[in-house]
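One-letter residues, chain by chain:
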Amino acid sequence: MNVELLDTTLREGEQTPNVSFTLEQKLEIARLLDEFGVEFIELGHPAVSPDVHQAVEGLVRLETRAQKLVHARALPADIKETARLGVPWVGIFFGTSALSLAHKFHIDRTEALRRIRDAVCCAKDLDLKVRFTAEDATRTERDFLLEVAGVAQEAGADRFSIPDTVGTMSPRVFGELVHQVSAELAIPLHVHCHNDYGLAAANALAGLEAGARLADVTINGLGERSGITALAELALALKMLYQVENPWKLELLPRLSRLVERTSGVLLSENRPIVGLYAFTHKAGLHTRAVLQDPRTYEAFPPELVRRQRQITLSKYTGRAAVRARLAEMGIEAQTDQLDQIVTEIKSRPQKRHFSDVDLLEIADDVLGLELRARVPLQVEAIVHLALSSALYTTRVTRRLIGLAQVKEVYEITGDEDVVAHVVAGSIADLNDFIEELRVSDGVERTSTRLILKGYAKDESSNAV
């Protein structure tokens, strides 16, 4: 399959509610996208605002292997500005559905075709390469869409894009549409799939299977409403399920995801495919036992492919194999009956969501009757203050912290810092390791720590203050 990816995080992605990237952030995203290897980067729509125009100017000067494209209305002013900026590709869009013609433009089909022809001719006269997008193509009457495609091609368009603008397609129907349009054109087709029904990736794959050359994507699936096809999901599906040979650096996907999560402020779901926190975490006992023998039993692809690590979490769902493996990593051997006792103790605490290594060692010490106390240092408590970048949602951080075994309480506060956490660790070394993990986390600008020397609880039976 000969396919390409166009990343439009800098344009469609910035249309996500409450998202606005700075020029520096856009440059950082573009550089990393180029290193990843996308074939096209859409820089933005300069007519939107002065800051978008300024950003496009800065991005044009950035040297990339990826081809650059700018979004433009079917207006001479937009197209001429693209040429002035020195961008090689212009992506001209025009709504072609009956709804668009009636309620956006108040014109008939004849006038629509004239405007499309004039816009493409204008761009070609300025020596621009043209991708013409029939906005709302999937709700455009089929015969008229084919007429639009023919007019755009005849006027000189180099590519034709079929967007599922409001995400109403199913994969089968979308594939049929792309196949029909492809049969009528000699130029490559693009697809741009929205995720309103959660079908963006499936529709994009159906479009590519049906003959499209390129699919639009964004990092983390950002975009209007529910967003569009996510870069990580489509790239990995194409590599692993369709064996495409594009030299994309899949190991950069988590880094791209974290960068855009931080700069956009849009938080990733923990169970998001590929880049989510839990994407390679196994919990159920039967699953973990099989994965420890051969990861392929419950993994569609190895986490190392995208520079992630496999995790086995211990909880009430834990089986003997997971406990044995974790103890073995710490140099502790246990007999089968002892493992059963440890697992039974873990399962007897259903209110505890996760068991840390310290928790496991304490249980193992009780069951095995060994001198393991030396392995479990005296408990250390601390109050950790965190200052976060303005692009990071405080609530997201508190939610992640409260799920960690070392964290007992979390508070959002006012002032120079944003979050305070009450942390309990097995030793000073464990505390230092934990704080270092927090310090290097995306969006954490600085931390400060105070050890708790003594704790006092109010005597409820006393009237003393």
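Definitions and limits used
Residues numbered from 1 in each chain as written. Predicted model: local features only at pLDDT ≥ 70, side-chain atom pairs only at ≥ 80, totals over all residues. Heavy atoms only, no water. Helix = DSSP H or I, 4+ residues; strand = E, 2+ residues; numbered from the N terminus. Buried < 20%, exposed > 50% of the residue type's maximum accessible area, 1.4 Å probe, protein only. Contact = heavy atoms within 4.5 Å. Areas by Shrake-Rupley, 256 points an atom, 1.4 Å probe, with all protein chains shown as cover. Lys, Arg positive; Asp, Glu negative; His and termini not counted. Charge placed at Lys NZ, Arg CZ, Asp CG, Glu CD. Axes fitted to C-alpha atoms, helices over the stretch in contact; angles between N-to-C directions. Parallel < 35°, antiparallel > 145°, perpendicular 65-115°, else oblique. Left-handed = near helix turned anticlockwise from the far one by under 90°. Nonpolar A, V, L, I, M, F, W, Y, C, P; charged D, E, K, R; others polar. 1 Å grid on protein atoms, 1.4 Å probe; cavity = no way out; pocket = protein on both sides within 12 Å on 5 of 7 lines; lining within 4 Å. Points joined across faces, edges and corners; volume = space filled by probe spheres on them. pLDDT = per-residue confidence, 0-100. Salt bridge = Lys/Arg side-chain N within 4 Å of Asp/Glu carboxyl O. Core = buried A, V, L, I, M, F, W, Y, C linked by side-chain atoms within 4.5 Å. Pairing = 2+ DSSP bridges.

### Description of the overall build of the chain
Link 1 in the chain: Each helix and strand counted, the chain has 16 helices and 14 strands in total.
Link 2 in the chain: Dimensions of the chain along its principal axes, counting C-alpha atoms only, are 85 × 50 × 40 Å.
Link 3 in the chain: Here the chain holds 465 residues, and the buried ones make up 50% of them.
Link 4 in the chain: Partitioning the contacts of the chain with sequence separation of at least 6, the portion at a separation of at least 24 is 70%.
Link 5 in the chain: For the chain, the exposed surface amounts to about 22900 Å²; the carbon and sulfur share of it is 49%.
Link 6 in the chain: Charge-centre separation for the chain: the mean point of 54 positive side chains lies 1 Å from the mean point of 67 negative side chains.

### Considerations on the packing of helix 8 (residues 200–209) against helix 9 (residues 231–241)
Link 1 in the chain: Between helix 8 and helix 9, the least distance of the axes is 10 Å, while the angle of their chain directions is 45°. By the angle class used here, helix 8 and helix 9 are oblique. Considering only the axes of helix 8 and helix 9, their crossing is right-handed. Between helix 8 and helix 9, the contacting residues are A201, A204, L205 and L208 on the first element and E233, L234, A237 and L238 on the second.
Link 2 in the chain: The residue makeup of the contact of helix 8 with helix 9, split by class, is seven nonpolar, no polar and one charged.

### A closer look at the environment of P88
Link 1 in the chain: By the secondary structure assignment, P88 is in the loop between helix 3 (76–85) and strand 4 (89–95).
Link 2 in the chain: Each C-alpha atom of the pair P88 and L69 lies 6.7 Å from the other, and the pair is 19 residues apart in sequence.
Link 3 in the chain: Apart from residues no more than four positions distant in its own chain, P88 is found in contact with K68, L128 and K129.

### Looking at empty space enclosed by the protein
Link 1 in the chain: Using the criterion set out here, one finds two cavities of 30 Å³ or more in the structure.
Link 2 in the chain: There is about 40 Å³ of room inside the largest cavity.
Link 3 in the chain: Lining the largest cavity are I219, N220, L231, A232, L253, L256, S257 and V275.
Link 4 in the chain: If you list the elements that add at least two residues to the lining of the largest cavity, you get helix 9 and helix 10 (253–264).
Link 5 in the chain: Considering every element that reaches the lining of the largest cavity, the biggest residue donor is helix 10, with three residues.
Link 6 in the chain: Residues belonging to the lining of the largest cavity are distributed by class as follows: six nonpolar, two polar and no charged.
Link 7 in the chain: The computed volume of the second largest cavity comes to approximately 30 Å³.
Link 8 in the chain: Considering the residues around the second largest cavity, the lining is formed by A30, I41, L43, L59, L62, T64 and K68.
Link 9 in the chain: Broken down by class, the residue content of the lining of the second largest cavity amounts to five nonpolar, one polar and one charged.

### Concerning the confidence of the model for the chain
Link 1 in the chain: Averaged over all residues, the pLDDT of the chain equals 91, while 95% of them reach at least 70.
Link 2 in the chain: A low-confidence stretch, residues 373–377 (pLDDT under 50), is modelled with twelve contacts involving residues beyond four sequence positions or located in other chains.
Link 3 in the chain: Counted against residues more than four places away or in other chains, residues 459–465, with its pLDDT under 50, gives zero contacts.

### Quick word on the pattern of salt bridges
Link 1 in the chain: Under the criterion given, the structure shown has 26 salt bridges.
Link 2 in the chain: Here E141 ties to R109 by a salt bridge, and the two come within 3.8 Å at their closest N and O atoms. In this pair, E141 is assigned in the loop between strand 5 (129–135) and helix 6 (142–155) and R109 in helix 5 (residues 109–125), connecting sequence segments 32 residues apart.
Link 3 in the chain: The class of E141 is partly exposed, set by a relative accessible area of 37%.
Link 4 in the chain: According to the relative accessible area criterion, R109 is partly exposed, its value standing at 41%.
Link 5 in the chain: For E111, the salt bridge goes to R115, with nearest N and O atoms at 3.0 Å. Of this pair, E111 and R115 both sit in helix 5, separated by four residues, roughly a single helical turn.
Link 6 in the chain: A relative accessible area of 22% means that E111 is categorised as partly exposed.
Link 7 in the chain: A network of salt bridges, in which partner residues are shared, links E111, R114, R115 and D118.

### What about the nonpolar core?
Link 1 in the chain: Core analysis: the biggest nonpolar cluster contains 95 residues, and F36, F132, F160, V181 and L231 have the highest contact counts within it.
Link 2 in the chain: Sorting elements by how many residues they give to this core places helix 6 first, with eight residues.
Link 3 in the chain: Contact partners of F36, with chain neighbours within four places excluded, come to L231, A235, P247, W248, K249, L250, L252, L253 and L256.

### Quick look at the pairing of strand 13 (residues 419–425)
Link 1 in the chain: Strand 13 sits mainly inside the fold: seven of its seven residues count as buried.
Link 2 in the chain: Judged by which residues are buried, strand 13 turns out to be covered on both faces: V419, A421, V423 and A425 on one side and V420, H422 and V424 on the other are all buried.
Link 3 in the chain: In this structure, strand 12 (residues 407–412) lies alongside strand 13, joined through five bridges in antiparallel fashion. From the neighbouring strand, E409 faces strand 13, where its bridge partner is H422.
Link 4 in the chain: Here strand 12 folds back onto strand 13, and the loop between the two strands holds six residues, one of which, G415, carries a positive phi near 110°.

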